[in-house]
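# Chains, contacts and geometry: an overview
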Amino acid sequence: MTDSSQHARFGSGHAVRRVEDDSLLTGRGRFADNFSVDGQAHVVFVRSPHAHARIAAIDAAAATAMPGVLAVVTGTDLVRAGVRPLVQSADFKRADGAPPAAPPQHVLAVDAVRYVGEAVAAVVAATRTQARDAAESVDVRYEPLPAVATIADAIAPGAPLVWPEAAGNVACEKRHGDAKAAAKIFAGAAHVVTLDLEHQRLAPCPIEPRSTLAFVDGATGRLTLRVSCQTPTGLRDELASEVLGVVPESVRVLVGDVGGGFGMKTALYAEDVVVAHCARALGRPVKWTADRMEEFLAASHGRDLASRASLALDREGRMLALSVHSHANLG
């Protein structure tokens, strides 16, 4: 017979010997930004200063003519090149069973921007300084649109819509339990306690900002990415199959040490796609490393949940039913 304990030796509650401490404590850790490749170019992003605006025009002529600049890429350029929007979560649906109502998340904004820090263009240059200087010369003309910043304002009657198809700014809904049965219990309960709870919005701000290095093997055509990510296989599959339209076997994702994530390094980001596309299009290695302000603006935030919880109790204080109504900010 097989010892079943052998199959659970790495399960919850079992001690696992740490093997990474020596290298990390002696400064020999290998994080994504520690890796470079000869001849690599650098990407700097042009980001929206508006929470909501229509993109009237993008003039990159001055930036393109600057020293060291290899390319200036816009959202329209990527659409023409066949780069698809990022995949939307299928976990939640609308009340009628329809898919979530949310705007397509293009890798670089197309037609409109919907949050401060959304990438509008990418400048690729021989050095990071050259790319940064050129990015400041990209002239983006915006037509500002109404915006709201809180959950309460977003769901208020007459609030400006982020996406016309999402009535009331509600992208999707999820229900659990028997609402009618719970309502009947509440109506006859001896005591009802109601509490409003707010989980504030959080920006993870890891010690190690995101970083992506992409290069193509000249002999095999295989694309390799070095990233700071906690789900490399998922990133590879989504990048290859869903966004670039290539087989997963043609993409390799490498991850070394990861300096913090807190849930914000578990998905494919727009910047990863841009770096990968530019490496393929230019035929040379391309690298991007976020600065602190970029991480604050463009990396995934967390929480921002407003809930009203009600508890029905009998005369002895025994709990009979629980009702929780929550609004989660996906913006």
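Notes on the structure in this doc start here. All values reported here derive from a predicted model rather than from experimental measurement.

As a further point, take the pattern of salt bridges. One pass over the structure, following the stated rule, counts 19 salt bridges. The salt bridge involving Arg236 is made with Asp237; its shortest N-O contact spans 2.7 Å. What makes Asp237 partly exposed here is its relative accessible area of 30%. Through salt bridges with shared partners, a single ionic network connects Arg47, Arg210, Glu271, Glu294 and Glu295.

Moving on to the packing of helix α7 (residues 232-244) against helix α8 (residues 270-282). Interhelical geometry of α7 versus α8 gives an angle of 65 degrees and a closest axis separation of 11 Å. Taken together, α7 and α8 sit at an angle that is classed as roughly perpendicular. The handedness of the crossing between α7 and α8 comes out as right-handed. Listed contacts from α8 to Leu235, Leu239, Val243 and Leu244 of α7 are Asp272, Val273, Ala276 and Arg280. A class-by-class count of the residues in the contact of α7 with α8 yields 6 nonpolar, no polar and 2 charged.

Here we take up the nonpolar core. The biggest cluster of nonpolar side chains holds 36 residues, and the ones touching the most others in it are Leu225, Leu239 and Val273. When residues of this core are traced back to their parent elements, those giving at least two are β1 (41-47), β3 (69-74), β5 (119-125), β9 (223-227), α7, β10 (251-254), α8 and β11 (286-289). It is α8 that provides the largest number of residues to this core, a total of 7 residues. Residues contacting Leu225, with those up to four places away along its chain left out, are Thr212, Leu213, Ala214, Leu235, Leu239, Arg252, Val253, Leu254, Asp272 and Ala276. Formed by 20 residues, the second largest nonpolar core is a distinct cluster that contains Ala109, Val113, Ala131 and Val138.

As a general point, the strands of a sheet are linked pairwise by backbone hydrogen bonds and lie either parallel or antiparallel. Strand order across the open sheet formed by 7 strands is β3-β5-β1-β11-β8-β9-β10, with mixed pairing between neighbours. In this open sheet, the two edge strands, each paired with only one partner strand, are β3 and β10. Taking the axes of each pair of neighbouring strands and ignoring which way they run, one obtains an average angle of 20 degrees across the sheet. Here 5 bridges tie β3 to β5, and the two strands are oriented antiparallel to one another. Of the residues in β5, the one forming a bridge with Ala71 is Val124. Relative to β1, helix α4 (residues 128-135) is tilted by about 25 degrees, and along the sheet it contacts β1, β3, β5 and β11. This element, α8, spans β1, β3, β5, β8 (211-216), β9 and β11 of the sheet and lies at about 25 degrees to β8.

What follows concerns unusual backbone geometry. Positive phi values are uncommon outside glycine, yet Asp111 reaches one of about 75 degrees. Note that Asp111 resides in the loop between α3 (75-80) and β4 (112-113). The backbone of Phe262 sits at a positive phi, close to 55 degrees, despite the residue not being glycine. Structurally, the position occupied by Phe262 is in the loop between β10 and α8. For Phe262, a relative accessible area of 64% translates into the label exposed.

Here the focus is the sheet that holds β4. If you walk across this open sheet you meet the 3 strands as β4-β2-β6, and the pairing is antiparallel. Unpaired on one side and paired on the other, β4 and β6 (139-144) mark the two borders of the sheet.

It is worth spelling out the environment of Val19 at this point. Positionally, Val19 belongs in the segment before α1 (21-25). For the pair Val19 and Ala312, spaced 293 residues apart in sequence, the C-alpha to C-alpha distance is 50 Å.

Moving on to the environment of Arg280. Mapping Arg280 onto the fold places it in helix α8. By relative accessible area, Arg280 is classed as partly exposed at 42%. Each C-alpha atom of the pair Arg280 and Val216 lies 6.5 Å from the other, and the pair is 64 residues apart in sequence.

Moving on, we come to α4. Note that an α-helix has 3.6 residues per turn; residues three or four places apart therefore point the same way. Along α4, the residues classified as buried are Ala131, Ala134 and Ala135. One side of α4 carries all its buried residues, which in axial view fall inside an arc of 100 degrees. Lining the buried residues of α4 we find β1, α2 (61-64), β3 and β5.

Criteria and thresholds
- Residues numbered from 1 in each chain as written.
- Predicted model: local features only at pLDDT ≥ 70, side-chain atom pairs only at ≥ 80, totals over all residues.
- Heavy atoms only, no water.
- Salt bridge = Lys/Arg side-chain N within 4 Å of Asp/Glu carboxyl O.
- Buried < 20%, exposed > 50% of the residue type's maximum accessible area, 1.4 Å probe, protein only.
- Axes fitted to C-alpha atoms, helices over the stretch in contact; angles between N-to-C directions.
- Helix = DSSP H or I, 4+ residues; strand = E, 2+ residues; numbered from the N terminus.
- Parallel < 35°, antiparallel > 145°, perpendicular 65-115°, else oblique.
- Left-handed = near helix turned anticlockwise from the far one by under 90°.
- Contact = heavy atoms within 4.5 Å.
- Nonpolar A, V, L, I, M, F, W, Y, C, P; charged D, E, K, R; others polar.
- Core = buried A, V, L, I, M, F, W, Y, C linked by side-chain atoms within 4.5 Å.
- Pairing = 2+ DSSP bridges.
- Arc of directions from axis to C-beta.

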